[in-house]
Structures are given as structure tokens and as C-alpha cells.
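Below, each chain spelled out in residue letters.
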Amino acid sequence: MDAFLRHLFRLAYHAGSLGLLTVGILDSSFLMLPLGNDFLLLGLAAHHHERVPLYVAAATLGSVLGVLLTLWLSRKGGDRLAKGRRGRTWKYIEKQMKQKSGWALTLGSLMPPPFPFTVFVAAAGALKVPLKKALSFIAAGRLLRFTMEGVLAIYYGRWILSFAQSPVFKDVAIAILVIALVGSAYSIYGWVRH
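**Comments concerning the overall build of the chain**
If you tally the helices and strands in the chain, you get 9 helices and 0 strands. When contacts within the chain are restricted to residue pairs at least 6 apart in sequence, those whose partners lie at least 24 apart make up 80%. Element-wise, carbon and sulfur atoms account for 71% of the exposed surface of the chain, whose accessible area totals about 11,000 Å².

Pasting the structure below:
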């Protein structure tokens, strides 16, 4: 499993901004790749400081495109989704989306995993938050998040790269992947069941 993950990360890394775009789409849709885009951006930016604006733009665009897919699917199944979700968590999210969708989506897009950002995006779609509003707030949040990561990579790049080679990082990455696979399977199962 470790060799497979390294191979996938290496492919995305060598693809550069295209890899960031692709991982961003996957990470922000229903397939969870916790911190995949963040680690990829940090690694690329640590090696190629002059390309940080391009990497930030690619990561942001990929994330927004993934969110667009999630919004579109949740709009299509919004009524069924809302009927199947009547717990306290859903009611809270529904209330936040109606009252403060812009802030909820912006803050959610800034948060790293394990924050359940996809749930907020799905709620925005199900509750028919206007696409232009949702995407603009999410794009602003992701742009800020990825810009901060790019700047950190410029200043702390050597430390980030050495940490990425450590056994602790590999163990954490495997644990995050297992959680992501289980979360993705559960998410897909929930959408198919309802």
C-alpha cells in the first residue's frame, strides 16, 4: 500500500499544476483525499518557489471544480437528501446555510480535514444556495488557504521536505488514507441508499 501511495503522489507531483488540478477536483468532490492537495502543494512550492502563484491557482481551480460537481449532484438529489437527514447535525447545518451560507462556506473551505467540508457543500446544494454565491465564497476561502500554504512552503520548505521523508509522516499519511477510503465509501453508500 505504501508503494502504491508513493507512486500516485509521485505521478501527481511530476504533473505539477495539472496534478494539483486533478487532486483538487477529487479532493473536493465525493472522494475524500484528506490533505492530498495540501501536501502536494507544499511539496511543489518548496521545490519551485517561482511557480507558487501557478500552483495556488491550479489547486484553487481544482477545488472549485470538485465543489461544483458536488453542488450539482446535491442539487439534483436535494429533496431526497433533505428528507433522509433529520438529525440535530443536519438541522444545524440547514440553519447555518439559510442564515450564513457565505461565511459557513468560506470558513469551511479554510479548514483542513477532518472538518466535514463536503457536508456543508452538499447542504448548500440541497438547499439551493445560488451557485455564483457558493462558488465565489469557496474560491475565496480556498485561494486564501492555498496562498498561506504556498508562503509557508517558501519559508519552511526544507523542513517540510525532510518531514515528508520521515517514517512518522508515512504512518500518518497511511492512517489518513484509510480514514479517507472509509469516509468515501460511507459517503457514496449514503448517497446511493437515499
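Now, onward.
**A look at the side chain of serine 63**
The topology assignment puts serine 63 in helix α4 (residues 52-76). Beyond its immediate sequence surroundings of up to four residues, serine 63 is in contact with Gly24, Ile25, Ser28, Arg142 and Phe146.

**Comments concerning the pattern of salt bridges**
The tally for this structure, following the rule as stated, stands at 3 salt bridges. Across the salt bridge formed by glutamate 50 and arginine 51, the nearest N and O atoms sit 3.9 Å from each other. You can call arginine 51 partly exposed: its relative accessible area is 38%. Close ionic contact of arginine 145 with glutamate 149 constitutes a salt bridge, the shortest N to O distance being 3.6 Å. Linking arginine 145 with glutamate 149, this pair stays in helix α8 (residues 131-164), spanning 4 residues, or about one helical turn. Overlapping salt bridges, with partners in common, bring together Asp38, Arg145 and Glu149 in one network.

**Side note on the nonpolar core**
Nonpolar side chains tend toward joint burial in soluble globular proteins. Counting residues in each nonpolar core, the largest one holds 16 residues, and the members touching the most others are Leu20, Leu40, Leu41, Leu44, Tyr55, Phe146 and Ala153. Mapped by element, the contributors of at least two residues to this core are α2 (17-28), α3 (36-47), α4 and α8. Residue contributions to this core peak at 6 residues, all from α3. Judged by nonpolar contacts, the second largest core, of 13 residues, contains Val64, Leu71, Leu105 and Ile138.

**Some points on the side chain of arginine 142**
When you line up the elements, arginine 142 lands in helix α8. Arginine 142 has contacts with Ser28, Thr60, Ser63, Ser109 and Phe117, leaving out every residue within four places of it along the chain.

**Brief notes about α3**
Because an α-helix completes one turn every 3.6 residues, residues spaced three or four positions apart along the sequence face the same direction. Its 12 residues give α3 an end-to-end C-alpha distance of 17 Å, which sits within 8% of 16 Å, the value for a rise of 1.5 Å per residue. Of all 12 residues that make up α3, 10 are buried, and the element is covered over most of its length.

**A closer look at the packing of α2 against α3**
Where α2 meets α3, the axes come as close as 9 Å, and the angle between the chain directions of the two elements is 160 degrees. In terms of axis orientation, α2 runs roughly antiparallel to α3. Two packed elements cross with a definite hand, and for α2 against α3 that hand is left-handed. In this structure, α2 uses Gly19, Leu20, Val23, Gly24 and Asp27 to contact α3, whose residues at the interface are Gly36, Asn37, Leu40, Leu41 and Leu44. Taken together, the residues of the contact of α2 with α3 sort by class into 5 nonpolar, 4 polar and 1 charged.

**Description of the confidence of the model for the chain**
Taken over all residues, the pLDDT of the chain has a mean of 77, while the share at 70 or more is 71%. Ranking the elements of the chain by mean pLDDT puts helix α5 (residues 78-84) last with 61 and α4 first with 90.

**Observations regarding the packing of α4 against helix α7 (residues 117-126)**
For the pair α4 and α7, the least separation of the axes is 7 Å and the interaxial angle reads 50 degrees. In terms of their interaxial angle, α4 and α7 are classed as oblique. Read as a crossing pair, α4 and α7 show a hand that is right-handed. Touching Val67, Thr70, Leu71, Ser74 and Arg75 of α4 are Phe117, Thr118, Val121, Ala122, Ala124, Gly125 and Ala126, all from α7. Residue composition of the contact of α4 with α7, grouped by class: 7 nonpolar, 4 polar and 1 charged.

**Things to note about the environment of tyrosine 155**
Along the chain, tyrosine 155 turns up in helix α8. Taking the C-alpha atoms as reference points, tyrosine 155 and alanine 46, 109 residues apart in sequence, are found 8.2 Å from one another.

About the criteria used
- Residues numbered from 1 in each chain as written.
- Predicted model: local features only at pLDDT ≥ 70, side-chain atom pairs only at ≥ 80, totals over all residues.
- Heavy atoms only, no water.
- Helix = DSSP H or I, 4+ residues; strand = E, 2+ residues; numbered from the N terminus.
- Contact = heavy atoms within 4.5 Å.
- Areas by Shrake-Rupley, 256 points an atom, 1.4 Å probe, with all protein chains shown as cover.
- Salt bridge = Lys/Arg side-chain N within 4 Å of Asp/Glu carboxyl O.
- Buried < 20%, exposed > 50% of the residue type's maximum accessible area, 1.4 Å probe, protein only.
- Core = buried A, V, L, I, M, F, W, Y, C linked by side-chain atoms within 4.5 Å.
- Expected span 1.5 Å × (residues − 1).
- Axes fitted to C-alpha atoms, helices over the stretch in contact; angles between N-to-C directions.
- Parallel < 35°, antiparallel > 145°, perpendicular 65-115°, else oblique.
- Left-handed = near helix turned anticlockwise from the far one by under 90°.
- Nonpolar A, V, L, I, M, F, W, Y, C, P; charged D, E, K, R; others polar.
- pLDDT = per-residue confidence, 0-100.

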